[in-house]
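# Examining the three-dimensional arrangement
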Amino acid sequence: MIAAAPPAVVGEEILRARAYLLRVAEPPARATGRLADLMGAVAAADAIRRGDVPEAVADETSARSGAERVDADLEAAAACGARLLVPEDPEWPQWPFACFGLTERKDLAPPLALWVRGTGSLGGLTDRAVAMVGARAATGYGTHTAAELGAGLAAAGQTVVSGAAIGIDGAAHRGALAGGGPTVAVLACGLDRAYPTSHAGLIDRIARQGLVVSEYPPGAVPARHRFLVRNRLIAALSAGTVVVEAALRSGAQRTASDARELGTVLMAVPGPVTSAASAGCHELIRQGALLVTRAEEITEATGRLGVELAREPDRPQRGTDALDEVQARVHDALPPRAARDIAWLAVEAGMDRDTVRSALMELERRGLASFHEGRWQRRTRRRNR
């Protein structure tokens, strides 16, 4: 079920002020955000227009402070089915974004507001969310794994958050959608653009079954630095981040760094040791990231403590697993072809005859030994699978 967005309860004046702030301040705008927290969004917007702001805020806003495009941005957003979500709205993910308070890194600042497209509630969808990121040039192993994990997380009631990029991101979104769960895509451009264009249909599906999110106003084009900046939102909106495939130098590594700095759970999926696409994952694991291979393990790491535990994987069983030490030694002494008497077996096992005889009785009962005319032989049977 998609968490429905509550009716708007924020005044028009605040919405317009936040739309202006998103237009004039290129994210991440830590100083501008702090000014808005201190003065309120409306007063902060008026101060920026007048140029009556601290130097740090002026550095973030002076180049665009005269860009009065609030009406155009709101109309363009409405035309593509998007709306503006602001921190003053009950739908705002207050708890996930609280992690920004754990760091003073200038590039890890909360967004001033968010443009969202879809019918879900961002606060509700991110209550139990997991980020999944990885290489654009993903291998078949990587895309298959991401899709399987996405479907498994959806089945467990968790929201998959990613960036809608080609490769691991797209596979994670598709897996979540196939699993019947919601998913959230965070874009590095305006919501009136589909990037990459080949994922236009996927982004539409995400909007119908979850949310598409961006802090960039309508018309904003994707740029290299914007992908790196938006990665902090992917990490912050989730209780944990899973890196499925990543080279030693990649955008997924940046998301992993942000997740670690923000105090969320960092996980990585191992791959072939010969694969350059998994070298970054292996490095993260060596540095302390949690190794995960199943959706259940991700849920255990990010879910309710002591409640959502991963079940133990099924293990191959042998008929000899339940034998005690004595029985195991006698079983090892039994020849698989030629039958031997107890005297011979006692010497081979290094035990007295009575002990060997008792063990043989138990082995025969378990179907692991056969008695033939005074001699004993190992009886083989298929393993239970």
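Residues numbered from 1 in each chain as written. Predicted model: local features only at pLDDT ≥ 70, side-chain atom pairs only at ≥ 80, totals over all residues. Heavy atoms only, no water.

## Focus: helix α5 (residues 70–79)
Residues Val70, Asp73 and Ala77 constitute the buried set of α5. Taken end-on, α5 shows its buried residues confined to a sector of 65 degrees, consistent with a single buried face. Those residues of α5 that are exposed and aimed more than 90 degrees away from the buried face are Glu75, Ala78 and Ala79. Check the buried side of α5 and you find it contacts α1 (12–24), β1 (82–85) and β2 (114–117). Just downstream of α5 lies Gly81, where phi reads positive at about 80 degrees. (Buried < 20%, exposed > 50% of the residue type's maximum accessible area, 1.4 Å probe, protein only. Helix = DSSP H or I, 4+ residues; strand = E, 2+ residues; numbered from the N terminus. Arc of directions from axis to C-beta. Contact = heavy atoms within 4.5 Å.)

## Remarks on unusual backbone geometry
At the junction of Pro27 and Pro28, the peptide bond is cis and its omega measures out at -5 degrees in the coordinates. Relative to the helices and strands, Pro28 resides in the loop between α1 and α2 (30–39). In this structure, Pro196 follows Tyr195 across a cis peptide bond, with omega equal to 0 degrees.

## Description of the environment of Ser370
Residue position: Ser370 is located in strand β10 (residues 369–372). Its relative accessible area of 16% is what places Ser370 among the buried residues. Counting along the chain gives 351 residues from Ser370 to Ala19, while the straight-line C-alpha distance between them is 83 Å. When near neighbours in sequence (up to four residues on either side) are disregarded, Ser370 contacts Arg375, Trp376, Gln377 and Arg379.

## As for the sheet that holds β2
Spatially, β1-β2-β6-β5-β4-β3-β7-β8-β9 is the arrangement adopted by the nine strands of the open sheet, whose pairing is mixed. The sheet terminates laterally at β1 and β9 (290–291), the two strands that pair on one side only. Pairing of strand β8 (residues 265–268) with β9, which is carried by two bridges, proceeds in the parallel orientation. From the neighbouring strand, Met267 faces β9, where its bridge partner is Leu290. The sheet strands contacting α1 are β1 and β2, and the helix crosses β1 at an angle near 95 degrees. Relative to the sheet, helix α10 (residues 200–209) contacts β2, β5 (183–186) and β6 (211–214), its axis offset from that of β6 by approximately 110 degrees. (Pairing = 2+ DSSP bridges. Axes fitted to C-alpha atoms, helices over the stretch in contact; angles between N-to-C directions.)

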